[in-house]
Amino acid sequence: MNDQSNDLSPESIYEPVIDGILTEGYGILDNFLSPAEVATLATRLHARREAGQFRPAAIGNQQVTVEKAIRGDEILWLDEATAAPEEQAFLQRIGQFVQYVNQTCYLGLRDYEFHYACYPTGTFYKRHLDRFRSDSRRKLSVICYLNTDWQESDGGQLALYLPDADGSERQVMALPLGGRLVCFDSGQLEHEVFPATRERLSLTGWLKTGGPLI
Ligand code: OGA
Ligand code: MN
């Protein structure tokens with residue numbers, strides 16, 4: 001029973017993402033969530049949004065402002081205490097990922113926080129870095145998409161701006177495919193969300209270290 005191709009342990013699933021983060025600064029893992037899990041979480045997102053639980057996303061963590069010219073998404077933070085079963089299952093899956101990252105990368109991740117994000121048609125998030133100037137605990141950014149049947153022509157790509165050794169820059173584009181997980185270094189990697197021709201859904205979060213703020 002040593003057939004590697006049949007090995008679905010967390011190690012074999014997560015290893016390429018970790019490798020990507022360490023060597024390129026980002027990793028992409030398709031099917032982190034199954035189509036059924038994506039559908040259940042998207043249904044819950046819509047129910048919570050219709051119940052008025054979402055707010056326009058703000059920028060900054062000190063002087064917090066809503067700037068539609070910078071980002072147009074609406075968000076809702078997940079709260080373990082009030083999480084529905086499928087949300088708890090998602091957080092548990094993330095916990096498993098965090099455990100694996102800690103065993104292999106020694107980043108000292110202690111905590112994580114996630115919010116739903118809904119980008120209404122035509123909205124975007126201009127190029128930015130996720131880490132706050134006054135709080136460096138965000139180590140890895142994780143985005144998990146909740147869209148069904150997303151097509152290239154729908155737009156909504158995540159663009160990652162990767163610095164090259166010669167000082168130039170390379171752009172990598174990822175479509176927000178349902179179940180896909182994208183993970184990158186929060187303090188290093190600038191990125192941008194392009195507008196889409198349909199609503200764009202995700203669970204977005206940060207894996208954080210403990211310790212002092214700076
Ligand atoms: C963010 C972000 C990227 C995406 O919420 O900070 O950059 O693809 N999201 O949704
Ligand atoms: Mn971001």
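Residues numbered from 1 in each chain as written. Chains lettered and ligands numbered in written order. Predicted model: local features only at pLDDT ≥ 70, side-chain atom pairs only at ≥ 80, totals over all residues. Heavy atoms only, no water.

## Some points on the site of ligand 1
As a structural note, the neighbourhood of ligand 1 is formed by Tyr-125, His-128, Asp-130, Ile-143, Tyr-145, Leu-158, His-191, Val-193, Arg-200 and Thr-204. The contact in question runs from an oxygen atom of ligand 1 to an N or O atom on the side chain of His-191, over 2.9 Å. In the environment of ligand 1, an oxygen atom lies 2.8 Å from a nitrogen or oxygen atom belonging to the side chain of Arg-200. A total of 290 Å² of accessible area belongs to ligand 1 in isolation, and the protein chains cover 99% of it. Given that more than half its atoms are within 2 Å of the pocket grid, ligand 1 belongs to the largest pocket. When contributions to the shell around ligand 1 are tallied by element, the ones reaching two or more residues are strand E5 (125–128), strand E6 (138–145), strand E10 (190–193) and strand E11 (200–209). Considering only residue class, the shell around ligand 1 consists of 5 nonpolar, 3 polar and 2 charged. (Near = heavy atom within 4 Å. Polar contact = N/O pair within 3.5 Å; in protein donor to acceptor, adjacent residues only side chain to side chain. Areas by Shrake-Rupley, 256 points an atom, 1.4 Å probe, with all protein chains shown as cover. 1 Å grid on protein atoms, 1.4 Å probe; cavity = no way out; pocket = protein on both sides within 12 Å on 5 of 7 lines; lining within 4 Å. Sits in = over half its atoms within 2 Å of the grid points. Helix = DSSP H or I, 4+ residues; strand = E, 2+ residues; numbered from the N terminus. Nonpolar A, V, L, I, M, F, W, Y, C, P; charged D, E, K, R; others polar.)

## Some words on the sheet that holds strand E7 (residues 158–163)
Spatially, the 4 strands line up as an open sheet ordered E5-E10-E7-E8, and their pairing is antiparallel. Lying at the two open borders of the sheet, with one neighbouring strand each, are E5 and strand E8 (169–174). For this sheet, the mean inter-axis angle between neighbouring strands, taken without regard to orientation, is 15 degrees. Bridge analysis of E7 against E8 gives 6 bridges, and the strand direction is antiparallel. (Pairing = 2+ DSSP bridges. Axes fitted to C-alpha atoms, helices over the stretch in contact; angles between N-to-C directions.)

## Looking at the nonpolar core
Note on soluble globular proteins: their nonpolar side chains tend to be buried together. Formed by 35 residues in total, the largest nonpolar core has its most connected members in Phe-32, Phe-90, Phe-97, Tyr-116, Leu-146 and Leu-207. Of all the secondary-structure elements, those providing two or more residues to this core are helix H1 (10–24), helix H2 (35–50), helix H3 (85–105), strand E4 (109–119), E6, strand E9 (181–185) and E11. Per element, the largest residue contribution to this core is 8 residues, and it comes from H3. Filtering out sequence-adjacent residues up to four positions away, Phe-32 remains in contact with Tyr-14, Glu-37, Phe-90, Arg-93, Ile-94, Cys-144, Gly-179 and Leu-181. (Core = buried A, V, L, I, M, F, W, Y, C linked by side-chain atoms within 4.5 Å. Buried < 20%, exposed > 50% of the residue type's maximum accessible area, 1.4 Å probe, protein only. Contact = heavy atoms within 4.5 Å.)

## Thoughts on the coordination of the manganese ion (ligand 2)
Within the protein, the atoms that donate to the manganese ion (ligand 2) are His-128 (NE2), Asp-130 (OD) and His-191 (NE2), at distances of 2.1 Å. Sequence spacing of the donor residues for the manganese ion (ligand 2), all on one chain, is H-x1-D-x60-H. Judged by relative accessible area, which is 12%, His-128 ranks as buried. Residue Asp-130 is classed as buried on the basis of its relative accessible area of 9%. (Donors = N, O, S within 2.8 Å, 3.2 Å for Na, K, Ca; no water.)

## Regarding the sheet that holds E9
Strand order in the open sheet formed by 7 strands is E1-E9-E6-E11-E4-E3-E2, with antiparallel pairing between adjacent strands. At either end of the open sheet lies a strand with only one pairing partner, and these are strand E1 (26–29) and strand E2 (55–56). Pairing of E1 with E9, which is carried by 4 bridges, proceeds in the antiparallel orientation. From the neighbouring strand, Ile-28 faces E9, where its bridge partner is Val-182. Strands in contact with H2 are strand E3 (74–77), E4, E6 and E11; relative to E4, the strand with the most contacts, it is inclined by about 70 degrees. Relative to E4, H3 is tilted by about 135 degrees, and along the sheet it contacts E4, E6, E9 and E11.

## With respect to the packing of H2 against H3
Packing of H2 against H3 brings their axes to within 10 Å, and their N-to-C directions diverge by 125 degrees. Relative to H3, H2 is oriented oblique. As H2 runs across H3, the sense of the crossing is left-handed. In this structure, H2 contributes Glu-37, Thr-40, Leu-41, Arg-44 and Arg-48 to the contact, and H3 contributes Glu-86, Glu-87, Phe-90 and Arg-93. Of the residues assigned to the contact of H2 with H3, the class counts are 2 nonpolar, 1 polar and 6 charged. (Parallel < 35°, antiparallel > 145°, perpendicular 65-115°, else oblique. Left-handed = near helix turned anticlockwise from the far one by under 90°.)

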